[in-house]
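Here's the letter readout for the chains.
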Amino acid sequence: MKSETGFDHSLYERFPTEKRPDSEVEELTEIWKAPKGWGRLTAVNNNYVGFWYVATAFGFFLAAGILALGMRIQLAAPMQDFLGADTYNQFFTMHGTVMMFLFAVPMVEAIGIMLLPQMLAARDLPFPRLSAFAFWAYFVGGTMFFLSLFVGLAPDGGWFMYPPLTSIAFSPGINTDFWLLGIGFIEISAIAGAIEIIVGVMRTRAPGMTLDRMPMFAWAMLVFAVMIVVAFPSVILCTMLLEIERAFNWPFFDPLRGGDPMLWQHLFWFFGHPEVYIIFIPAAGLMSMMVAVAARTELVGFRLNVLALVATGFISFGVWAHHMFATDMPRLSAGYFSAASMAVSLPAGIQVFCWIATLASGKIRWNTPALFVVGSVLIFTMGGLTGVMVGMVPFDWQAHDTYFIVAHLHYVLMGGMVFPMFAAFYHWHGMTSSRALSEKVGKWVFWLMFAGLHITFFPMHLTGLMGLPRRVYTYPSGRDFDLLNLISTIGAFILAAGILLFVIDCIRRFRFTVDDDAGNIYGGGTLEWLPTGLYSTRSIPLVTSREPLWNRPEISKEVEEGRYFLPNSPTGQRETLITSPILAEPQYIQLMPGPSPWPLSAAVFTALFFLSLTVQGYAFAVFCGIVAVVSTLRWLWDTDRPVEQQSANIGAGIEVPIAITGPKSHSWWALNVLMVVIGMIGFMAVFAYLYLYGISPEVWSAPPPLRETALIVGLEALALLAAWGGRRMLATREGKLARDLPWVFEATAAALLVGALYLDITGWLGTGLSPTASGMGASVFMLAVLQAQVVTVAVIMAAYLAFREARGIMTTPTNVTMDVVARFISYCALQGMAFTIIPRVFPGG
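Each value, and the rule that gives it
Residues numbered from 1 in each chain as written. Predicted model: local features only at pLDDT ≥ 70, side-chain atom pairs only at ≥ 80, totals over all residues. Heavy atoms only, no water. Phe/Tyr/Trp six-rings, centres within 6.5 Å; stacked < 30°, edge-to-face > 60°. Helix = DSSP H or I, 4+ residues; strand = E, 2+ residues; numbered from the N terminus. Buried < 20%, exposed > 50% of the residue type's maximum accessible area, 1.4 Å probe, protein only. Core = buried A, V, L, I, M, F, W, Y, C linked by side-chain atoms within 4.5 Å. Contact = heavy atoms within 4.5 Å. 1 Å grid on protein atoms, 1.4 Å probe; cavity = no way out; pocket = protein on both sides within 12 Å on 5 of 7 lines; lining within 4 Å. Points joined across faces, edges and corners; volume = space filled by probe spheres on them. Nonpolar A, V, L, I, M, F, W, Y, C, P; charged D, E, K, R; others polar. Pairing = 2+ DSSP bridges. Patch = residues over 30% accessible without salt bridge, like charges linked within 9 Å, V, L, I, M, F, W, Y side chains within 5 Å. Areas by Shrake-Rupley, 256 points an atom, 1.4 Å probe, with all protein chains shown as cover. Salt bridge = Lys/Arg side-chain N within 4 Å of Asp/Glu carboxyl O. Expected span 1.5 Å × (residues − 1). Polar contact = N/O pair within 3.5 Å; in protein donor to acceptor, adjacent residues only side chain to side chain. Axes fitted to C-alpha atoms, helices over the stretch in contact; angles between N-to-C directions. Parallel < 35°, antiparallel > 145°, perpendicular 65-115°, else oblique. Left-handed = near helix turned anticlockwise from the far one by under 90°.

## Considerations on the packing of aromatic side chains
1) Next: Applying the stated rule across the entire model yields 63 aromatic pairs.
2) Next: When the ring of tyrosine 88 is compared with that of phenylalanine 92, the centres are 6.0 Å apart and the planes differ by 50 degrees; the resulting orientation is tilted. One end of the pair, tyrosine 88, and the other, phenylalanine 92, are both in helix α3 (residues 85–119), four residues apart, so they sit about a helical turn from each other. Residues tyrosine 88 and phenylalanine 92 agree in their burial class; the two are buried.
3) Next: Taking the centre distance of 5.8 Å and the plane angle of 85 degrees together, the rings of tryptophan 159 and tryptophan 269 count as edge-to-face. Of this pair, tryptophan 159 sits in the loop between α4 (128–147) and α5 (175–203) while tryptophan 269 sits in helix α7 (residues 261–295), and the two are 110 residues apart along the sequence. Across this residue pair, the class does not change: tryptophan 159 and tryptophan 269 are buried.
4) Next: Three or more aromatic residues joined by ring pairs form one cluster here, namely Phe58, Phe61, Phe103, Phe372, Phe419, Phe422, Phe425, Tyr426, Phe446, Trp447, Phe450 and Phe502.

See the structure below:
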């Protein structure tokens, strides 16, 4: 295969044949050790953070399940009074919200953070402190959100929170605000994890692990993370819009002032329907790996599976109005979204057939993971069939908002995510536990869950077709709902009994460990089963196949003896190997940050910032926001430290540089992903602006004069040039001047952006436009709010850059911090130009 970087592949043949000294293992152990006692909360190793993440997500799964049992008791018989109407509304809102936002997405992200470094044979993912921040933000924010249930402040508008039901007129309390600010904050955590996963999968794979040799789970997590980056900004924006409407009376969703409640549905379901596939795709990756192990043969149709994952992710973004057929949308639009709903089932069907072919081509070993895998295929297929039914507009009109939809949703999510999750728990628990879970108990767990699921949800198809609406807290007798609802309640407790049995078995047998685990119980063939410590593998192997442990069983011993890449620490610090994105050729050594309290501090105070906004404690919110920013900057301070050593030998006579900048840098990739996130928020805000114009063009007024627009765009263009000039000066000149001037350029660029923003806002105010008067005012000033957010970050970045220069740690000719700051300020200038021009030229001009 031709090299993508000019790398000489013949160097791979120069690995030593002798065992490396044991002293190197002791050195790696000392460098990668985790803190002791309470200091362990500052650990950033994926072994710890991933395990905490999985345990927390599973805890939320149990909590949401208990809420579901309360709802089933209420619905077991007609006219029950176990839960009042208000309490029931809070229960079903919290159940759906916790399952979708606090369990499903965080769980698959957690499994990724836990498994991917070992699966890719990396020391860790490239931003371990970002992973720690993502976890603590999720843990603290999610816990505070869930506890609102116990103080009567839980949201009660459904997990989808449709306005006008959730407007201040109909939901005057702060219950809705807890949902809006809490979920927006939790999604920030999910995006942080997605950035980590994208860069990790693309840049930290073991040498030789080309895209064609990458494990299916790594492929799935890559697609999953890209989908999060594209979809989640939409829900962040819509929660921001509704909270601003509630707090400041900006009429985004008020039809009396040029807003429209349907805007919420478009924004929410642009996230909400892809989210089903965001949940399913990582589980499908796990399934693809587990069916191969269960049948003891390589996955049939590997490339077809990869293509199916990518196609699912792509098509799922064209299905959002699948949830809006009953809103009287135009027939042409309904036809398009119905066709897309049919099309998205095709790649899922490809994967199912590949799994069946793999199981049929080998000899299945009927252990617990295999049972959950086969059960998942059956359940997910049943859910997929009802999904095709509700994708047809005439049928959806009949079944919409009935228990048929509840049944469909749970079959898809339980078969597509929950059963694969339990299969993965059994399959991979040997990586983290010193004792194996019971196979006998595991089979009881499966059969109780399998039977309980069908007994619970299959009757709901019938009650839905009989007309029982969803989201009702009781129903009248004499409508033939009684027996079917009682059966569903019994099934829910059978399902719960299976989960409880699993929890009991974990308590009895599971013992968390990072170095003396139960091992490869089921005979997997991928790299996560290599001997590991907190530093992951002793040496990073050369990958030559998709199932290295099956094709070369001796690789485990060779890796443990240190015969491959990075058998020691050339710099005496935490390191991992960065490889090229396509062929995984060694490019440079990344210095990894160690344990730190600052990600924890940043997460806690960010959570308190959002909580303070919820209860309108604005002074305390400002304090918490400042502490969160300072904590974040402090954690970043030592991640770009000057290094005297310029290169190092990583093995086989291969010399690579240390800590580079530019397009090959992992930080370059991370910033690009972040800019996509911010760009998607901006794109959806422009969509909202144009959508409201199309709904009520009569409330639109003339924009400020063209001369003023040209001045603002000119300032933003100057800011772009200044940012670019500072970056080029640092890269092309040596000496003190090259260190002194670049930050001045960036500070000037940030100041120009502030000036342009001020002129933009005052220009619109000069026309008499008010954000509270109309949908135009609200959407125009929302663009200014979004620009103000990124400009504020740009100002903080410029100040941070100046402070680093004042401390004498601005290195030339390359500097990661300078590269990131300059490129982000350039992005801010480009976004400012778009936000300035679009509302003035189209349609206002």
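The structure having been displayed, the exposition proceeds.
## A short note on the nonpolar core
1) Next: If you look at the biggest cluster of nonpolar residues, it comprises 247 residues, and the most contacted ones within it are Met107, Phe268, Phe422 and Trp428.
2) Next: A per-element tally of this core places helix α6 (residues 216–248) first, with 23 residues.
3) Next: Each residue touching phenylalanine 422, except ones within four places of it in the same chain, is listed here: Phe58, Phe61, Phe372, Met449, Ile499 and Phe502.
4) Next: The next biggest cluster of nonpolar side chains, apart from the first, holds 24 residues, and it includes Ala723, Leu801, Ala822 and Phe824.

## Points about the layout of surface pockets
1) Next: Of the pockets and cavities examined, the second largest pocket occupies roughly 950 Å³.
2) Next: As for the second largest pocket, its lining consists of 39 residues, of which Ala68, His95, Met99, His410 and Phe457 are closest to the centre.
3) Next: The element contributing the most residues to the lining of the second largest pocket is helix α2 (residues 46–75), with nine residues.
4) Next: Grouping the amino acids of the lining of the second largest pocket by side-chain chemistry returns 31 nonpolar, five polar and three charged.

## Here's the deal with the environment of glycine 763
1) Next: Within the secondary structure, glycine 763 is located in helix α22 (residues 736–766).
2) Next: For the pair glycine 763 and leucine 309, spaced 454 residues apart in sequence, the C-alpha separation works out to 47 Å.
3) Next: Contact partners of glycine 763, with chain neighbours within four places excluded, come to Pro704 and Glu708.

## Regarding the pairing of strand β3 (residues 575–579)
1) Next: In terms of residue burial, β3 counts as a mostly covered element, since five of its five residues are buried.
2) Next: Going residue by residue along β3, you find Glu575, Leu577 and Thr579 tucked away on one face and Thr576 and Ile578 tucked away on the opposite face as well.
3) Next: In this structure, β3 lies alongside strand β4 (residues 586–591), joined through five bridges in antiparallel fashion. Paired with threonine 579 across the two strands is proline 586, which belongs to β4.
4) Next: Hairpin connection, β3 to β4: the antiparallel pair is bridged by six residues, and alanine 584 has positive phi, about 55 degrees.

## Side note on a nonpolar patch on the surface
1) Next: Among the surface-exposed residues, Leu483, Leu486, Ile487 and Ile490 lie close enough to one another that they form a single nonpolar patch of about 350 Å² accessible area.
2) Next: By the secondary structure assignment, leucine 483 is in helix α15 (residues 482–509).
3) Next: According to the relative accessible area criterion, leucine 483 is exposed, its value standing at 59%.

## Quick word on helix α11 (residues 368–390)
1) Next: Its 23 residues give α11 an end-to-end C-alpha distance of 33 Å, which sits within 8% of 33 Å, the value for a rise of 1.5 Å per residue.
2) Next: The opening residue of α11, the one whose side-chain oxygen lies 3.0 Å from the backbone nitrogen of alanine 370, is asparagine 367.

## Digging into the packing of α2 against α4
1) Next: Look at α2 against α4: their axes get within 10 Å of each other, and the N-to-C directions meet at 20 degrees. As far as their axial angle goes, α4 and α2 are roughly parallel. Two packed elements cross with a definite hand, and for α2 against α4 that hand is left-handed. Contacts between α2 and α4 involve Val49, Trp52, Tyr53, Thr56, Ala57, Phe60, Ala63 and Leu67 from the former and Ser131, Ala132, Ala134, Phe135, Trp136, Tyr138, Phe139, Gly142, Thr143 and Phe146 from the latter.
2) Next: The class makeup of the residues in the contact of α2 with α4 is 14 nonpolar, four polar and no charged.

## Some thoughts on empty space enclosed by the protein
1) Next: Per the counting criterion, the structure on display carries seven cavities of 30 Å³ or more.
2) Next: The computed volume of the largest cavity comes to approximately 190 Å³.
3) Next: Met289, Ala292, Thr526, Arg546 and Glu547 are, among the 21 residues lining the largest cavity, the residues nearest its centre.
4) Next: Considering every element that reaches the lining of the largest cavity, the biggest residue donor is α7, with four residues.
5) Next: Along the lines of polarity and charge, the residues of the lining of the largest cavity split into eleven nonpolar, five polar and five charged.
6) Next: By volume, the second largest cavity is sized at about 100 Å³.
7) Next: Lining the second largest cavity are Gly141, Met144, Phe145, Phe178, Leu181, Gly182, Phe185, Ala607, Phe610, Leu611 and Thr614.
8) Next: Broken down by secondary-structure element, the contributors of at least two residues to the lining of the second largest cavity are α4, α5 and α18 (598–614).
9) Next: Along the lines of polarity and charge, the residues of the lining of the second largest cavity split into eight nonpolar, three polar and no charged.

## A short note on the pattern of salt bridges
1) Next: This model, assessed by the stated rule, comprises 16 salt bridges.
2) Next: In this structure, the salt-bridge partner of lysine 19 is aspartate 22, at a minimum N-O distance of 3.5 Å.
3) Next: With a relative accessible area of 48%, aspartate 22 lands in the partly exposed category.
4) Next: Notably, a salt bridge pairs arginine 20 with glutamate 24, separated by 2.7 Å at the nearest N-O pair.
5) Next: By relative accessible area, which is 26% here, arginine 20 ends up partly exposed.
6) Next: One continuous salt-bridge network, built from bridges that share partners, spans Arg20, Glu24 and Arg538.

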